[in-house]
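# Residue-level structure breakdown
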Amino acid sequence: MSTLPDLSLSWKWQPPPAGTEGELGATWADLEMSIGDLPPLTTVEDPRAGTIRPYTVGSLYPLAEWIAFNWWSLLADARPGTQISQLRFAYRNGVGDSRGSWWSRSRRHILRAACDGFRWPDVLFVPEGHQTRIVWMPDGGPDPREGTRFLGRGNAVVGSASLAETLHGFVDAVVARLVEREVSGTPLQQEWAAIRATGEEEAEFCRCAARLGLDPYTESAPYAQAIARARGELPEVMGLDFFNSVHPDRITDQLQWIERARRVAGDPPPGRPADSAIAELRDICADVRELFYDPDRLENPWQLGYELAHRVRAWAKVADTERFDPDTLLTYYTEPVPYVDRGLVAYGSRNAAAGPVLVSSRRYTERPRRFLQARALCHFLFDNDEDFLIVASHTHRQHLARGFALEILAPAQGIATLLGRPTGLVTAEDVEQIAEDYGAGTIVVEHQLDNRVLAQDFPFEPVAPSVRKLTAYPRGAGR
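The structure displayed is predicted, hence computed values, not measured ones.

A few words now on the pattern of salt bridges. Scanning the entire structure with this criterion turns up 26 salt bridges. Each of E200, E204, R207 and R211 takes part in one network of salt bridges that share partners.

Structure follows, in structure tokens:
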């Protein structure tokens, strides 16, 4: 069983500096933030004292207020997961600067945005479904501000439910401290009281709005009707992917596109009967699927995707050095949209009259199309529902499908074998040749090289030139 570490917040109330009163003085404390056995996120260097300590000192009120006012985004908005590298650069310094709307929404996930004159570690929270990714960076580069400097760096995932419980308990403690010190009427107390009084129906609306990248209280009103329609028309899992991907202004348009895609999927092409291969593969992969859906287990979705890919390649009797063609297991259509919204990528159904069907919302060249088909194959094998969406978001399910697509198209062991033991750095020509052999994008091969082949010490086995001539996977092999 795989278990995830928890985010821990521990604090010790302290007397405030002279002149610090009200909510700031009442909640003055030492705060330590850590994840499992990793060094604390709040590890700071104090140049004036010449010390390094695991905690930061200041008022906890701004941090609790930031959590409360961004509560639904922290719980549900997965969109910054596609922007982590840009966010880390943008927020390296000067988080209090005035920025446009894109930055404003991302500030809901950046702990340093709490500021209010205090210095917080540079931590990003991105929910991914059952898990939440936490990324933190050290203070670096030119910074005119004096004082402590945070030293930690890391990238970890924690359970979303336990994170919500931890943050909830922290805000409760800060609010209780205000009451104890006879401080009342603060924005934090008013906001937190409203959140605690939220019923389940309203809470679900708030989560849907947050998944759209909206603040439920200040930005969702123009979209309330469209949100209600989508919630009524889409099954739970499909709705989750839908809200995590579409632009709020395109909710109605994308619902109409899904209806068109369903009609296309229900129109079987001549000579293409329903295929039993998917049912057979679902049986072969049933135990891996159970791990993913077991609420008491939190296996790495990428690793489950890799394992699923190995099962499928073994069933098809396709070696790691050979090309696998996912299009032999499904029917592919294109139903283009007349507008720009790249969040919703495709619709799929494994129980259509045509057998497993994938309908894309735009036209693709060969290599991107194969990657899309590979992602769809994962959903055919893994999803409990018969219909699904492929979207641009980076949630738990979408990580699983991407990991599967990478490994089924360009297996890490196969890449290592095709490379042989390199005498120097892997060249761009190496990457392009292997991508051509597998019929995959160069970015697929680069991802496998960076994250698996070169990072995990795969054995490099020299391969005879004749093996480099890869063959297509024949329909029906392995059955």
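Now that the structure is up, let's keep going.
Applying the stated criterion across every chain yields a total of 2 cavities of 30 Å³ or more. In this structure, the largest cavity occupies an estimated 50 Å³ of space. Lining the largest cavity, in full, are A68, F69, N70, W71, W72, S73, R108, E191, I195, D215, P216 and Y217. Those elements giving two or more residues to the lining of the largest cavity turn out to be α2 (61-69), α3 (71-76) and α7 (187-196). Looking at which element gives the most residues to the lining of the largest cavity, the answer is α3, with 3 residues.

So, about the packing of aromatic side chains. Scanning the model with the defined rule gives 10 aromatic pairs in all. Judged by centre distance (5.1 Å) and plane angle (90°), the ring pair of F292 and Y293 falls under edge-to-face. Judged by its relative accessible area of 7%, F292 is buried. The cationic tip of R452 hangs over the ring face of Y306; the distance from NZ or CZ to the ring centre is 3.9 Å.

Moving on, we get to the confidence of the model for the protein chain. Here the protein chain shows a mean pLDDT of 86. Residues at 70 or above account for 86%. The model gives residues 90-103 a pLDDT under 50, and that stretch makes 27 contacts with residues more than four places away or in other chains. Here residues 466-479 is modelled with pLDDT under 50, and outside its nearest four sequence neighbours on either side it reaches 38 contacts, counting other chains as well.

This brings us to helix α19 (residues 442-453). Listed as buried for α19 are V444, V445, Q448, L449, R452 and V453. One side of α19 carries all its buried residues, which in axial view fall inside an arc of 135°. Opposite the buried face of α19, by more than 90 degrees, sit the exposed residues I443 and D450. On its buried side, α19 packs onto α14 (301-316), α15 (366-382), α16 (396-409), α17 (412-419) and α18 (428-438).

The subject of this paragraph is the layout of surface pockets. The calculated volume of the largest pocket comes to roughly 880 Å³. Lining the largest pocket we find 33 residues, and of these G129, H130, R211, E236 and L240 sit closest to its centre. When residues in the lining of the largest pocket are grouped by element, the largest group, 6 residues, is from helix α10 (residues 236-243). Across the lining of the largest pocket, the residue classes tally to 17 nonpolar, 8 polar and 8 charged. Forming the walls of the second largest pocket are 19 residues, and the residues nearest its centre are F371, R375, H394, R402 and I443. Elements represented by at least two residues in the lining of the second largest pocket include exactly α15, α16 and α19. By residue number, the principal contributor to the lining of the second largest pocket is α15, which donates 5 residues.

Here the focus is the packing of α2 against α7. For the pair α2 and α7, interaxial distance at closest approach is 9 Å and the crossing angle is 35°. Seen from above, α2 lies across α7 with left-handed handedness. For the pair α2 and α7, the contacting residues are Y61, A64, E65, A68 and F69 in the first and P187, L188, E191, W192 and I195 in the second. Taken together, the residues of the contact of α2 with α7 break down into 8 nonpolar, no polar and 2 charged.

Reading across the sheet, the 3 strands line up as β6-β7-β9 and stay open at both edges, with antiparallel pairing between neighbours. Each edge of the open sheet is held by one strand with a lone partner, namely β6 (122-127) and β9 (154-159). Here the strands of the sheet are splayed against their neighbours by 20° on average, with no regard to which way each runs. Sheet analysis places β6 next to strand β7 (residues 131-137), joined by 6 bridges and oriented antiparallel. Residue pairing in the sheet places F125 in a bridge with I134 of β7. Helix α6 (residues 160-180) rests against β6, β7 and β9 of the sheet, and its axis sits at about 90° to β9.

Attention now moves to unusual backbone geometry. Positive phi, normally seen in glycine, also occurs at E182, with a value near 60°. If you trace the backbone, E182 turns up in the loop between α6 and α7.

Turning to the packing of helix α12 (residues 277-284) against α15, a few remarks are in order. Relative placement of two packed helices is described by the angle separating their axes and the distance separating the axes. Remark: α12 packs on α15, axes separated minimally by 8 Å, with the N-to-C direction vectors making an angle of 70°. Relative to α15, α12 is oriented roughly perpendicular. Handedness of the crossing formed by α12 with α15: right-handed. Residues I278, L281 and R282 of α12 lie in contact with α15, whose contacting residues are L377, F380, L381 and F382. Looking at the contact of α12 with α15 residue by residue, the classes come out as 6 nonpolar, no polar and 1 charged.

Basis of the calculations
Residues numbered from 1 in each chain as written. Predicted model: local features only at pLDDT ≥ 70, side-chain atom pairs only at ≥ 80, totals over all residues. Heavy atoms only, no water. Salt bridge = Lys/Arg side-chain N within 4 Å of Asp/Glu carboxyl O. 1 Å grid on protein atoms, 1.4 Å probe; cavity = no way out; pocket = protein on both sides within 12 Å on 5 of 7 lines; lining within 4 Å. Points joined across faces, edges and corners; volume = space filled by probe spheres on them. Helix = DSSP H or I, 4+ residues; strand = E, 2+ residues; numbered from the N terminus. Phe/Tyr/Trp six-rings, centres within 6.5 Å; stacked < 30°, edge-to-face > 60°. Buried < 20%, exposed > 50% of the residue type's maximum accessible area, 1.4 Å probe, protein only. Lys NZ or Arg CZ within 6 Å of the ring centre and 35° of its normal. pLDDT = per-residue confidence, 0-100. Contact = heavy atoms within 4.5 Å. Arc of directions from axis to C-beta. Nonpolar A, V, L, I, M, F, W, Y, C, P; charged D, E, K, R; others polar. Axes fitted to C-alpha atoms, helices over the stretch in contact; angles between N-to-C directions. Left-handed = near helix turned anticlockwise from the far one by under 90°. Pairing = 2+ DSSP bridges. Parallel < 35°, antiparallel > 145°, perpendicular 65-115°, else oblique.

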